[in-house]
Amino acid sequence: MLRKDFLWGGATAANQCEGAYNVDGRGLANVDVIPHGPDRMAVMCGRLPMLEPDDKHYYPAQGAIDMYHRYKEDIALFAEMGFKCYRMSIAWTRIFPNGDEEQPNEAGLAFYKEVFKECRRRGIEPLVTITHFDCPIHLIREYGGWKNRRMIDFYKRLATVLFTRYKGLVRYWLTFNEINVLLHAPFMGAGMLAPDEAERDRLLYQAAHHELVASAWATRIGHEIDPTVKIGCMLAAGAYYPYSCRPEDVRLAQIEAQKNFFFIDVQSRGYYPAYALKMLERRHIDIGMTAEDEAILRENTVDFISFSYYQTRCVAYKEGEKSSGNMFDGVRNPYLKESAWGWSIDPLGLRITLNELYDRYQKPLFIVENGLGAHDTVEPDGSVHDSYRIDYLREHIKAFKAAVEEDGVDLLGYTTWGPIDLVSAGTGEMSKRYGFIYVDRDDAGRGTLARSRKDSFYWYKKVIESNGEELD
Ligand code: BGP
């Protein structure tokens, strides 16, 4: 059985649902200038510099699904499904429009306070990500994003304000969304324009170090302000499979896994693992670790480990057929089916990933993203029969239940990605839908924004009501 207080719910990110990008004093952020269309990946990765919007592109995050103005209606729908928990993120630029101000923007603080109060009124526990892929443009222009050590101070200021103002309202926090993604999409993950090839590794690991230190500081500040809060890290997870039993394939899978574990090793154990120190040494990378950094990392490890899980990845020593995925590619796994976007579907992989993480860290885990991006068809009567989504989620729930009930993994909760349709991070589309709630909006930003319940809405409500016992 899952624990009685298991946190069922859904997860969103400010930039993918709020919209209202330029109201009530909000500043411009990297996420506001990542366009839909063929240039998206180049901008996300920083290869195509984009520091302000132009009139040749459409920027879906600017309007998104307008949750900024509709959050009451949306939270009411979450409550109707019985959500125990709602994972969401803060838009940094609502709180500090430029990022380096001394004083926060009160209008931005007031907005989130109302959102948290609304959640509490409806018995929903907010789980808040301090930054989900967002960084003020001003910090990118002036300081070059996270490659600059000063970012740690700006982030500390943000964290201090949030922990102080929302004391008593928010008990679960995450420091950085999918912290490992910065290695793959530096503009989105770390507010960085693409470094020269020769400098790339150095700058990326420099930025990673700064985020890791900032995360540890936030953990310390949060615990000082309110010792009862629980602060977690967040990994884009998914086990690596060797394509064959050839030792070279197995070794490659291990190396790829370590590139991800590196972040959580530091956040959970409090020090750089030996393999990472050696890798930095080999590449002559000096990340500028200070004695204070070492102490902060050591003394402020996370309370729990959260992660997104969409798929496993398969790697081969020899180039095989590529498969797509969230941010990093692998080789196609011949044993797995794929989503319409080419992401492999692997419920057992979730059980494997849970075991891997629990064995490694022995800390409570939290699945904070999982789901199927799919095309939905609205029937003439307005209904959406999304049995494919139900099937996907059912199998993943069975898999994590097995990890808990048969393997003894300590799991705090499960928040599916995008309980309400929102803008895709990878593609900028609206048509890649994850929701239980349909939103009338298309890839070009047209539509009424009206919300409606899909079949999966009623299914998930039953799942939550029965604490995961009733899955049919
Ligand atoms: C994760 C991100 C989310 C989310 C999800 C689904 O990497 O944390 O922000 O969007 O992936 O990805 P996509 O939107 O590309 O389908």
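So, here is what we can say about the structure in this document.

About the criteria used
- Residues numbered from 1 in each chain as written.
- Predicted model: local features only at pLDDT ≥ 70, side-chain atom pairs only at ≥ 80, totals over all residues.
- Heavy atoms only, no water.
- Near = heavy atom within 4 Å.
- Polar contact = N/O pair within 3.5 Å; in protein donor to acceptor, adjacent residues only side chain to side chain.
- Areas by Shrake-Rupley, 256 points an atom, 1.4 Å probe, with all protein chains shown as cover.
- Nonpolar A, V, L, I, M, F, W, Y, C, P; charged D, E, K, R; others polar.
- 1 Å grid on protein atoms, 1.4 Å probe; cavity = no way out; pocket = protein on both sides within 12 Å on 5 of 7 lines; lining within 4 Å.
- Points joined across faces, edges and corners; volume = space filled by probe spheres on them.
- Helix = DSSP H or I, 4+ residues; strand = E, 2+ residues; numbered from the N terminus.
- Buried < 20%, exposed > 50% of the residue type's maximum accessible area, 1.4 Å probe, protein only.

The full set close to the ligand counts 15 residues, and Glu-178, Ala-425, Gly-426, Lys-432 and Tyr-434 are the nearest of them. Separating an oxygen atom of the ligand from a side-chain N or O atom of Ser-424 is a distance of 3.1 Å. Here Gly-426 contributes a backbone N or O atom positioned 2.7 Å from an oxygen atom of the ligand. Relative to its unbound accessible area of 380 Å², the ligand is 99% covered by the protein chains. Partitioning the shell around the ligand into residue classes produces six nonpolar, six polar and three charged.

With that settled, consider empty space enclosed by the protein. In total, this model carries eight cavities of 30 Å³ or more according to the counting rule given. The calculated volume of the largest cavity comes to roughly 100 Å³. Lining of the largest cavity is provided by 17 residues; of these, Phe-133, Phe-176, Met-188, Gly-189 and Glu-211 occupy positions nearest its centre. Within the lining of the largest cavity, the residues separate by chemical class into nine nonpolar, five polar and three charged. Empty space within the second largest cavity amounts to approximately 90 Å³. Around the second largest cavity, the lining residues are Asn-15, Gln-16, Val-31, Ile-34, Arg-40, Pro-60, Ala-61, Phe-133, Met-188, Val-423, Ser-424 and Ala-425. Split by residue class, the lining of the second largest cavity holds eight nonpolar, three polar and one charged.

Turning our attention to unusual backbone geometry. One non-glycine residue with positive phi stands out, namely Phe-133, at about 60°. Looking at the secondary structure, you find Phe-133 in the loop between strand E3 (125-131) and helix H6 (137-143). With a phi angle near 55°, Gln-362 is a residue other than glycine that sits in the positive phi range. Its location among the elements puts Gln-362 in the loop between helix H13 (347-361) and strand E13 (365-369). A relative accessible area of 53% means that Gln-362 is categorised as exposed.

From the geometry alone we can't say anything about function, so treat these as descriptive.
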